[in-house]
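The residues making up each chain are set out below.
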Amino acid sequence: MVDVSDDSVRPTPGAAPAAAPSQPPRPPVDEAPALADRPLQIALVGHTNTGKTSLLRTLTRDAGFGEVADAPGTTRRVQGAQLRLDGRPVLAWFDTPGMEDSVALLDYVDRLAGTERLDGPARIRRFLGAPEARGRFEQEARVLGKMLDCDAALYVIDARDPVLAKHLDELALLAACGKPLLPVLNFVRAPAHRAQQWREAMARLGLHALVEFDTVAPPLDGERQLYMRLGMLLDAHAARLQALSDHLMQQRVDRRKAAGRLAAGMLLDVAALRLSAAPDEEALRAGARDLQDRVRQREHACIDALLALYNFRREDYAAEALPLTGERWGMDLFHPQALKDAGVSVGMGVAAGAMAGAAVDLMLAGVSLGTAALVGAATGGLWQSATRYGQRLLGKLRGYRELSIDDAVLRLLGLRARGLINALDQRGHAARDPLRLAEAQSAGDQRWREGKLAPELKEARSKPEWSTLNPGHEDSPRRAAALRALGEYLLRADGDT
């Protein structure tokens, strides 16, 4: 973490994600001089520990910005971050310390003014020149000084708190700076929030433009609403804010498409994966273990790539628990219970408890058994369970050459990828609890549980050269087209065409 003073700001990754950047919309011609002059400056102000730094983390998509803790007064200095549009800085956010003693400060400002008829900004400047601005009220002085320098401010409110006199005095001091002020209600997803009380209190103070923005789980249109409200307060800069909002929305769309392609690449790799093994039991067990290890590693690589795409850190994702812990998504990818809990239909061998995940391809006319039973029985030391298929199948088994992943596991991989992408898409960068796949389930998964397997995955079955996990991998226009189509299919909800 790098702290910066109020004299400088740092660019953030929020305005330029790693994958699939789009050409941002250019601002109107009459806005170009303003963009070239300096970025719009917005301060985040409010009482201590209301989530100002958390809000800035989410708005800049930078989970490492500033310091966040439950203890009050974590931010002790002004820190900044920039958003860029078309290579130029257009908006500078400034995170300020929390105000802690507004009641006493308001009395002090009134005493300094005396009987003089000073307007609000003049009263604040007189305070900033007084000794107490460098002593008892040093923290509040940083806030008010930055407020005077900025074009507007967001007043961040913890919607769980009651409306108290200290909050009203804070607002009186901030309003005295003479800059537009937009209240932002944070933590509105908490069960005991007081959002309606805050709305009524803000209306009584003449602050009718207000936005709800939960920094941990922001609404999908929350960012657009915030910039729209700011544009209402800063009419001269409305076109710039609209252009930035449109650009950020396009980046979100591009990120989601890129995420779909990352997951689709993983699924194609797994569907086309083939491993050869000798037909004896020991080689079969070793081959199945190797196959499963490669698939686990490929899924982990996909998870890492998705986290990086959304600019989350590895510690933002909780590693899977060991098998048999009873956690729905904590099960190992190849454990039968993980498939059952995900609602994926499994074959008889899997349901019987054999290790899931491998189908045995026979060299006889390209026939595949299509279940995990035979290889599962071998890997689980339950070779005798294969006798249920009769001596005819056992005779054919002597001619097998390749191992591949079962359809049920492909379905589970698709479900997990869909869930993770949807969770990352809706996760704020202020979230402090690691993301777990148990929280990543999403609606619209029925086609992956019970519908036909995606045609691209069926095609990959017959094209081992499509898998980067196989020797002799070859990229091709057809694979690229299949990857795009599968990425779109992966993110499509049930009922979408």
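These numbers were taken from a predicted model, which means no experiment stands behind them.

Novice: Please provide a residue-by-residue account of the packing of helix H3 (residues 102-113) against helix H6 (residues 165-175), values included.
Specialist: Remark: H3 packs on H6, axes separated minimally by 8 Å, with the N-to-C direction vectors making an angle of 45°. As the angle between them shows, H3 and H6 are arranged oblique. The element H3 and its partner H6 pack so that their crossing is left-handed. Contacts between H3 and H6 pair Ser-102, Val-103, Leu-105, Leu-106 and Val-109 from the former with Lys-166, Asp-169, Glu-170, Ala-172 and Leu-173 from the latter.

Novice: Residue-level account of H3, with values.
Specialist: Look at H3: 16 Å from first C-alpha to last across twelve residues, which is about the 16 Å you get at 1.5 Å a residue. Taken together, the buried positions of H3 are Ser-102, Ala-104, Leu-105, Leu-106, Tyr-108, Val-109 and Ala-113. The elements touched by buried residues of H3 are helix H4 (120-128), helix H5 (138-149) and H6. Directly after H3, the chain includes Gly-114, whose backbone phi takes a positive value near 60°.

Novice: Can you explain unusual backbone geometry? Please cite residues and give values.
Specialist: The phi torsion of most residues other than glycine is negative, and most of the peptide bonds are trans. In this structure, Phe-187 is a non-glycine residue whose phi angle is positive, near 60°. Positive phi, normally seen in glycine, also occurs at Asn-311, with a value near 60°. In this structure, Asn-311 sits in the loop between helix H10 (281-309) and helix H11 (336-341).

Novice: Which residues make up the pairing of strand S2 (residues 40-45), and what values go with them?
Specialist: Most of S2 sits out of view: six of its six residues are buried. Burial of the side chains of S2 extends over both faces: Leu-40, Ile-42 and Leu-44 are buried on one face and Gln-41, Ala-43 and Val-45 on the other. Bridge analysis of S2 against strand S5 (residues 152-158) gives four bridges, and the strand direction is parallel. Considered in S5, the bridge of Ile-42 is made with Ala-152.

Novice: An account of the packing of helix H9 (residues 238-271) against helix H18 (residues 477-491) is requested, with residue identities and associated values reported.
Specialist: It is the contact of H9 with H18, at a shortest axis distance of 7 Å, that shows an interaxial angle of 115°. When the axes of H9 and H18 are compared, the pair comes out roughly perpendicular. Where H9 crosses over H18, the handedness of that crossing is right-handed. In this structure, H9 uses Arg-256, Gly-260, Arg-261, Ala-263, Ala-264, Gly-265, Leu-267, Leu-268 and Asp-269 to contact H18, whose residues at the interface are Arg-479, Ala-482, Leu-483, Arg-484, Leu-486, Gly-487, Leu-490 and Leu-491.

Novice: Explain the nonpolar core residue by residue, including any values.
Specialist: Soluble globular proteins: nonpolar side chains tend toward being buried together. In terms of nonpolar packing, the biggest core is built from 48 residues, with Leu-267, Leu-268, Ile-421, Leu-424, Trp-448, Leu-457 and Leu-486 touching the most fellow members. Sorting the residues of this core by element identifies H9, H10, strand S10 (402-405), helix H15 (407-425), helix H17 (455-461) and H18 as the ones contributing at least two each. Not counting residues within four places of it along the chain, the set of residues in contact with Leu-267 comprises Leu-410, Leu-413, Gly-414, Trp-448, Leu-457, Leu-486 and Leu-490. Grouped together as the second largest cluster of nonpolar side chains are 40 residues, Met-99, Tyr-108, Met-147 and Trp-198 included.

Novice: Provide a residue-level description of the pattern of salt bridges, including the pertinent values.
Specialist: Across all of its chains, the model carries 19 salt bridges by this definition. Note that Glu-212 is salt-bridged to Arg-199, the shortest N-O span being 3.4 Å. Here Arg-199 lies in helix H7 (residues 195-204) and Glu-212 lies in strand S7 (residues 211-212), a separation of 13 residues in the sequence. Residue Glu-212 is classed as partly exposed on the basis of its relative accessible area of 32%. One salt bridge in this structure joins Asp-293 and Arg-296, with 2.9 Å as the shortest N-O distance. In this pair, Asp-293 and Arg-296 are both assigned in helix H10, three residues apart and thus about one turn of the helix distant. Judged by its relative accessible area of 36%, Asp-293 is partly exposed.

Rules behind the numbers
- Residues numbered from 1 in each chain as written.
- Predicted model: local features only at pLDDT ≥ 70, side-chain atom pairs only at ≥ 80, totals over all residues.
- Heavy atoms only, no water.
- Axes fitted to C-alpha atoms, helices over the stretch in contact; angles between N-to-C directions.
- Helix = DSSP H or I, 4+ residues; strand = E, 2+ residues; numbered from the N terminus.
- Parallel < 35°, antiparallel > 145°, perpendicular 65-115°, else oblique.
- Left-handed = near helix turned anticlockwise from the far one by under 90°.
- Contact = heavy atoms within 4.5 Å.
- Expected span 1.5 Å × (residues − 1).
- Buried < 20%, exposed > 50% of the residue type's maximum accessible area, 1.4 Å probe, protein only.
- Pairing = 2+ DSSP bridges.
- Core = buried A, V, L, I, M, F, W, Y, C linked by side-chain atoms within 4.5 Å.
- Salt bridge = Lys/Arg side-chain N within 4 Å of Asp/Glu carboxyl O.

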